[in-house]
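Next come the chains, spelled out residue by residue.
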Amino acid sequence: MVSERSAVQAGAEVLVASNRGPVSYSLGEDGTLTAKRGGGGLVSGLSAIGPETDAVWVCAALGGGDREAVRRTGGALEVGDTGGQRVRMLDIPAEVYAAAYNGVANSVLWFVHHMLYQTPLEPVFGAEFRAQWAAYEAYNAAFADALADGAALGAAVLVQDYHLALVPGMLRERRPDLRIAHFSHTPWAPAEYFAMLPDDIQRQLALGILGADRANFLTHRWAENFLACAETGLGGQCERVRPEDGPPGIVALVPERKAHTTWIGVHGLGADADFLRERAHRPDVEERMTALRAQIGGPDRKTVVRVDRTELSKNIVRGLLAYRQLLADHPEWRKRVVHIAFAYPSRQDLAVYREYTAEVEQVAGAVNAEFGTADWQPVVLHVKDDFARSLAAYRLADVALVNPIRDGMNLVAKEIPVVSDTGCALVLSREAGAHEELGAHALTVNPYDVMGTAEALHEALSMDDAERAARTERLAAAATALPPAQWFLDQLRELGG
């Protein structure tokens, strides 16, 4: 344990910072800590650079188990718990974390970037918000301090997402020698929507991201939105750089900071094909497929599959309403199609998310009550997270429905074509980041247009096998063009790592 802490203090050459780390802990009644490892693109990417790099992942303690792990280890976690990753976990005071995470990151920044506000009533930026914003600043400062303390001279630091939007600017002040990148995993709001934020908050967020050497996004659209917001937020105190060859850049021309260029990168995270295909053929997935086939109720029935968290931006309710419209407008599909809808609860500590989850269940039940028969359940809804069952649904999909109001990327749209056994047609919202890469091979829908989505579902279900197979092949190729490890390494390389 001492050696782990010393390694961090000696200075790492590569550091990753994110709210959530690669491991979380639960605390048993007997005081035993149990570690659970996570997955995703960052885990794959950091593993790809190899142990010789001596990389460190800096993250926050999310709950009581994590905080106890920090108390026992000093924050440098046991590598046996982390799958070999060097992880420094920060025990930010619980009240500060809650205000920063729920009060600002998930209730303001997420809502702005996904354009979710009911503007006649919200947002309201009053005294409560200002107190929460102070906590967000403190939370970002804790990360900036930890990164400054743990980085070797000239180290590469890759900061992740909207939770840590202020970190690059703070870290630039503390350690100007570092090479800093920030990656936005969400969309970036259009300038006119971003302008709902108080002027000083817009400025802080713009200067936060522009503290980085590179600001990276999932699509060109989100990158262009950021540039426009930076210009608005800084009141024109900036200058775009447009080289003939290479990515664009932007320089903040403000009195409080030495000018430097932030270069803009676009890295469209892809699906991990090798992992998905191997994992999708394990025995537990085969078992889930058998159970799902029984619920579908017949080998000739087609399936419309969606797999989402009950996140407001995922648009699950309108998807169910579009399926209902399909059954109303095209009665020939009754008893011939089943909508497999996985809606896994998300952020249930926020009332608006609990209400949305309840609405999803209510609408699914209403569709079943209206159209269901003794031998046909139109909607098979599951709300308990089960990755093996999700993969089973991927394999069974004839049609994949991905209709978010707005999404940074949406990996489900990329994963289903990779795993589908016989090919699937993709009905895809034009507001998903994945549309930039997959739109040419998908059936595009306006996420607000229930009638249009119903007709797209009809077209997808009616598609002949040859066209569906050809589309799936093209979708899978586009979806896997930048797998997670390469996605990470490309960013590190462009930072000069």
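This one's a predicted model, so the numbers in the text were calculated from it and none came from an experiment.

1. Let's talk about the sheet that holds strand β14 (residues 379–382)
Right, so step 1: Strand order across the open sheet formed by six strands is β14-β13-β12-β15-β16-β17, with parallel pairing between neighbours. Either end of the sheet is taken by a strand with one partner, and the two such strands are β14 and β17 (443–445). This sheet shows a mean twist of 20° between the axes of neighbouring strands, independent of strand direction.
Right, so step 2: Here helix α14 (residues 351–371) sits on the sheet in contact with β13 (337–344) and β14, set at roughly 155° to β14.

2. Topic: the pattern of salt bridges
Right, so step 1: Applying the stated criterion across every chain yields a total of 26 salt bridges.
Right, so step 2: Arg468 serves as the salt-bridge partner of Asp465, at 3.3 Å between the closest nitrogen and oxygen. Taken together, the residues Asp465 and Arg468, both in helix α19 (residues 465–479) and three residues apart, mark about one turn of the helix.
Right, so step 3: Judged by relative accessible area, which is 54%, Asp465 ranks as exposed.

3. As for the confidence of the model for the protein chain
Right, so step 1: Taken over all residues, the pLDDT of the protein chain has a mean of 93, while the share at 70 or more is 95%.
Right, so step 2: Counted against residues more than four places away or in other chains, residues 1–9, with its pLDDT under 50, gives 16 contacts.

4. Focus on the sheet that holds strand β7 (residues 179–184)
Right, so step 1: Here we have nine strands laid out as an open sheet, ordered β5-β4-β1-β6-β7-β8-β11-β10-β9, and mixed in their pairing. For this open sheet the edge positions go to β5 (86–90) and β9 (238–241), each flanked by a neighbour on one side alone. Neighbour to neighbour, the strand axes of the sheet diverge by 20° on average, direction disregarded.
Right, so step 2: Here strand β1 (residues 12–17) runs beside strand β4 (residues 56–60); their pairing, made up of three bridges, is parallel. Across the sheet, the residue bridging to Ala17 is Val58, located in β4.

5. Section: the packing of aromatic side chains
Right, so step 1: One pass over the structure, following the stated rule, counts 15 aromatic pairs.
Right, so step 2: Centre to centre, the rings of Phe183 and Trp487 are 5.0 Å apart; their planes meet at 75°, and the pair counts as edge-to-face. Placement of the pair is Phe183 in strand β7 and Trp487 in helix α20 (residues 484–494), with a sequence separation of 304 residues.
Right, so step 3: Relative to Phe217, the ring of Trp188 has its centre 6.2 Å away and its plane inclined at 90°; by these criteria the two rings are edge-to-face. Within this pair, whereas Trp188 is found in the loop between β7 and α8 (191–194), its partner Phe217 is found in strand β8 (residues 214–217), the two being separated by 29 residues in sequence.
Right, so step 4: Just above the ring of Phe342 sits the side chain of Arg389; from NZ or CZ to the centre is 5.1 Å.

6. Re empty space enclosed by the protein
Right, so step 1: Per the counting criterion, the structure on display carries two cavities of 30 Å³ or more.
Right, so step 2: The volume enclosed by the largest cavity comes to roughly 50 Å³.
Right, so step 3: Taken together, Leu109, His113, Asp161, Tyr162, Ala165, His182, Ser184, Thr186, Trp188, Leu205 and Ile209 make up the full set of residues lining the largest cavity.
Right, so step 4: Taken together, the residues of the lining of the largest cavity break down into six nonpolar, four polar and one charged.
Right, so step 5: Estimated volume of the second largest cavity: approximately 30 Å³.
Right, so step 6: Residue contributions to the lining of the second largest cavity peak at three residues, all from strand β10 (residues 249–252).

Here is what the cut-offs are and how they apply
Residues numbered from 1 in each chain as written. Predicted model: local features only at pLDDT ≥ 70, side-chain atom pairs only at ≥ 80, totals over all residues. Heavy atoms only, no water. Pairing = 2+ DSSP bridges. Helix = DSSP H or I, 4+ residues; strand = E, 2+ residues; numbered from the N terminus. Axes fitted to C-alpha atoms, helices over the stretch in contact; angles between N-to-C directions. Contact = heavy atoms within 4.5 Å. Salt bridge = Lys/Arg side-chain N within 4 Å of Asp/Glu carboxyl O. Buried < 20%, exposed > 50% of the residue type's maximum accessible area, 1.4 Å probe, protein only. pLDDT = per-residue confidence, 0-100. Phe/Tyr/Trp six-rings, centres within 6.5 Å; stacked < 30°, edge-to-face > 60°. Lys NZ or Arg CZ within 6 Å of the ring centre and 35° of its normal. 1 Å grid on protein atoms, 1.4 Å probe; cavity = no way out; pocket = protein on both sides within 12 Å on 5 of 7 lines; lining within 4 Å. Points joined across faces, edges and corners; volume = space filled by probe spheres on them. Nonpolar A, V, L, I, M, F, W, Y, C, P; charged D, E, K, R; others polar.

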